[in-house]
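Remarks on the overall topology
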Amino acid sequence: MRLSILFLLAVCNFSCKAVDRVVNEGKAGPGSGKHIVLVSGDEEYRSEEVLPQLGKILSQRHGFKCTVLFPIDPGTGEINPNVVTNIPGTEALDRADLLIILTRFRNLPDAQMKPIDEFLRAGKPVLGLRTATHAFNGLKGTYAHYNNGYRGEPKEWADGFGRLVLGEKWISHHGNHKSESTRGVFAPDTKGNPLLNGIKDGEIWGATDVYGVRLPLPGDAKPLVLGQVVKD
């Protein structure tokens, strides 16, 4: 399914500074003066629909300026999640405070990967959603180490972006893929963690199933919410 950018903007009433992205200026709130770049690009979970909604919530309710980027068909100018080789606008990360990414197996040109790489090398925070564990694939040359399941030098990039940056690459699905859902339950020793403020144990639910991971997680990563397989 492809969405016309002009149609998307008209329906959602977003402000926009370029035809290949959506920009929501932040209102008053704790995020005032901070900039979040949200990068969409997957053909399974409709990130091109989800991230504009998230960006609007973060801007209107919490004060962050939010820039949402999309996979664009260079021939038509339309948003098309099946186009894995083009997400224009990543240079917006040069002025960003947080990256939120929900992509799957993207094979971007070096010019679009460079701002992502520089953002990470600057030590800025990243929030990866779902298929971001396998965000990139098929990259050649300078950024090949971002590929899911990477094997090569430097060794610390073993398994690629997902493993090094987010803590895990894609491993497996628990239960029956596309027929079961997920309840979020608090991991042990998370009581009092501020990231869980306002959330009750077990009240998180998602329509998609649970990913498997290898334990322990690398480095000082700690699980906060575990996925419990439930019937869809």
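So, a few notes on the structure that sits alongside this text. Everything numeric in this text was worked out from a predicted model, so none of it was measured.

Conventions and cut-offs
Residues numbered from 1 in each chain as written. Predicted model: local features only at pLDDT ≥ 70, side-chain atom pairs only at ≥ 80, totals over all residues. Heavy atoms only, no water. Pairing = 2+ DSSP bridges. Helix = DSSP H or I, 4+ residues; strand = E, 2+ residues; numbered from the N terminus. Axes fitted to C-alpha atoms, helices over the stretch in contact; angles between N-to-C directions. Contact = heavy atoms within 4.5 Å. Phe/Tyr/Trp six-rings, centres within 6.5 Å; stacked < 30°, edge-to-face > 60°. Lys NZ or Arg CZ within 6 Å of the ring centre and 35° of its normal. 1 Å grid on protein atoms, 1.4 Å probe; cavity = no way out; pocket = protein on both sides within 12 Å on 5 of 7 lines; lining within 4 Å. Points joined across faces, edges and corners; volume = space filled by probe spheres on them. Nonpolar A, V, L, I, M, F, W, Y, C, P; charged D, E, K, R; others polar.

Now for the pairing of strand S7 (residues 180–186). Two strands pair when backbone bridges link them, and S7 and strand S10 (residues 225–231) are joined in this way by 7 bridges, in the antiparallel orientation. Along S10, the bridge assignment pairs Gly184 with Gly227. Sheet analysis places S7 next to strand S8 (residues 204–206), joined by 3 bridges and oriented antiparallel. What sits directly across from Arg183, in S8, is Trp205.

This paragraph deals with the sheet that holds strand S2 (residues 35–41). Hydrogen bonding along the main chain pairs the strands of a sheet, whether they run parallel or antiparallel. The strand order across the open sheet formed by 5 strands is S1-S3-S2-S4-S5, and the pairing between neighbours is mixed. The outermost strands of the open sheet, each flanked by one partner alone, are strand S1 (21–24) and strand S5 (126–128). If you compare each strand with its neighbour and ignore which way they point, the axes differ by 15 degrees on average. Lying on the sheet, helix H2 (residues 47–62) is in contact with S1, S2, strand S3 (65–69) and strand S4 (98–103); it crosses S2 at an angle near 165 degrees.

The next thing to look at is the packing of aromatic side chains. Here the structure, examined in full by the defined rule, presents 5 aromatic pairs. Aromatic side chains Tyr146 and Phe161 sit 6.1 Å apart centroid to centroid with 15 degrees between the ring planes, which places their arrangement in the stacked category. Of this pair, Tyr146 sits in the loop between S5 and helix H4 (161–166) while Phe161 sits in helix H4, placing them 15 residues apart in sequence. If you follow Arg130 out to its NZ or CZ, it ends over the ring of Tyr211, 3.9 Å from the centre.

Okay, the layout of surface pockets next. Each pocket or cavity is described by its volume, and for the largest pocket that value is around 2,000 Å³. Contributing to the lining of the largest pocket are 42 residues, with Gly128, Arg130, Leu224, Val225 and Leu226 lying nearest its centre. Put simply, the parts of the chain that give the lining of the largest pocket at least two residues each are S5, H4, S7, S8, strand S9 (211–212) and S10. The residue inventory of the lining of the largest pocket, partitioned by class, reads 26 nonpolar, 10 polar and 6 charged. In terms of lining residues, the second largest pocket is bounded by Ile36, Leu54, Leu58, His62, Phe64, Leu98, Ile100, Leu127 and Leu129. If you list the elements that add at least two residues to the lining of the second largest pocket, you get H2 and S4. Ranked by residue count, the leading element in the lining of the second largest pocket is H2, at 3 residues. Grouping the constituent residues of the lining of the second largest pocket by class yields 8 nonpolar, 1 polar and no charged.

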